[in-house]
Amino acid sequence: ATFDEGARLGDTACQYLLGVAHLNGEGGLQKSKAKALPLLRIAAEKGLADGMHCLAITLFEDDRGGRVGNGGVKARSKEEEDEKDRVEIVQREAAALEAV
């Protein structure tokens, strides 16, 4: 049985996984948000937490190419997170100095 067959039969996990495959262009499928979103919405409406999360992330992502699946968007690299943290610290310190 394939995810496609399971999704047609109403299996929630298959609907979610097929949606993710369409979203990321996996398993020989072309990337297609148009095909992914209805499947993710169905999985979310059926109460699948990963489906809810993936749908929310997909609807709100900013098209930077994040890959979605199995519980969320691909995390930023450690270096990107560290740089973001450094920028936030500098901004807070600058704001504190301006307040003095």
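Predicted model, so just to flag it, every value in this text is computed and none were measured.

1. Notes on the overall build of the chain
Right, so step 1: Within the chain one finds five helices and two strands.
Right, so step 2: In the chain, the succession of α and β elements from N to C terminus is α-α-α-α-β-β-α.
Right, so step 3: Expressed as a percentage of contacts within the chain between residues at least 6 apart in sequence, the contacts between residues at least 24 apart total 36%.

2. Side note on the nonpolar core
Right, so step 1: Formed by Y16, V20, L23, A36, L40, A43, A44, C54 and L55, the largest nonpolar core amounts to nine residues.
Right, so step 2: Breaking this core down by element, the ones donating at least two residues are α2 (12-24), α3 (33-45) and α4 (49-60).
Right, so step 3: It is α3 that provides the largest number of residues to this core, a total of four residues.

3. Focus on the side chain of H22
Right, so step 1: Secondary-structure assignment places H22 in helix α2.
Right, so step 2: By relative accessible area, which is 10% here, H22 ends up buried.

4. A word on α4
Right, so step 1: Across its 12 residues, α4 extends 17 Å between first and last C-alpha, which sits within 8% of the 16 Å expected from 1.5 Å per residue.
Right, so step 2: Looking at α4, one finds that the buried residues are G51, C54, L55 and T58. Around the axis of α4, the buried residues are gathered within 100° of arc, so they sit on the same side. With respect to the buried face of α4, the exposed residues turned more than 90 degrees away are A49 and F60.

5. With respect to the pattern of salt bridges
Where charged atoms of side chains with opposite charge meet at close range, the side chains can pair.
Right, so step 1: What the rule picks out here adds up to one salt bridge.
Right, so step 2: D4 is the partner of R8 in a salt bridge, and the nearest nitrogen-oxygen pair spans 2.6 Å. Here R8 pairs with D4, and both are found in helix α1 (residues 3-8), just four residues apart, close to one helical turn.
Right, so step 3: Judged by its relative accessible area of 61%, R8 is exposed.

6. Thoughts on the confidence of the model for the chain
Right, so step 1: When pLDDT is averaged across the chain, the result is 81; 81% of the residues are at 70 or more.
Right, so step 2: Considering each helix and strand of the chain separately, the mean pLDDT is smallest for strand β2 (residues 72-73), with a value of 46, and largest for α2, with 94.

7. Description of the environment of L23
Right, so step 1: By the secondary structure assignment, L23 is in helix α2.
Right, so step 2: Classification of L23 as buried rests on a relative accessible area of 8%.
Right, so step 3: As for L23 and K33, which are separated by 10 residues in sequence, their C-alpha atoms are 5.4 Å apart.

8. Some details on the packing of α2 against α3
Right, so step 1: Look at α2 against α3: their axes get within 8 Å of each other, and the N-to-C directions meet at 155°. As the angle between them shows, α2 and α3 are arranged roughly antiparallel. In terms of crossing hand, the pair formed by α2 and α3 is left-handed. Residues T12, Q15, Y16, L18, G19, V20, H22 and L23 of α2 lie in contact with α3, whose contacting residues are K33, K35, A36, L39, L40, I42 and A43.

Scoring rules and cut-offs
Residues numbered from 1 in each chain as written. Predicted model: local features only at pLDDT ≥ 70, side-chain atom pairs only at ≥ 80, totals over all residues. Heavy atoms only, no water. Helix = DSSP H or I, 4+ residues; strand = E, 2+ residues; numbered from the N terminus. Contact = heavy atoms within 4.5 Å. Core = buried A, V, L, I, M, F, W, Y, C linked by side-chain atoms within 4.5 Å. Buried < 20%, exposed > 50% of the residue type's maximum accessible area, 1.4 Å probe, protein only. Expected span 1.5 Å × (residues − 1). Arc of directions from axis to C-beta. Salt bridge = Lys/Arg side-chain N within 4 Å of Asp/Glu carboxyl O. pLDDT = per-residue confidence, 0-100. Axes fitted to C-alpha atoms, helices over the stretch in contact; angles between N-to-C directions. Parallel < 35°, antiparallel > 145°, perpendicular 65-115°, else oblique. Left-handed = near helix turned anticlockwise from the far one by under 90°.

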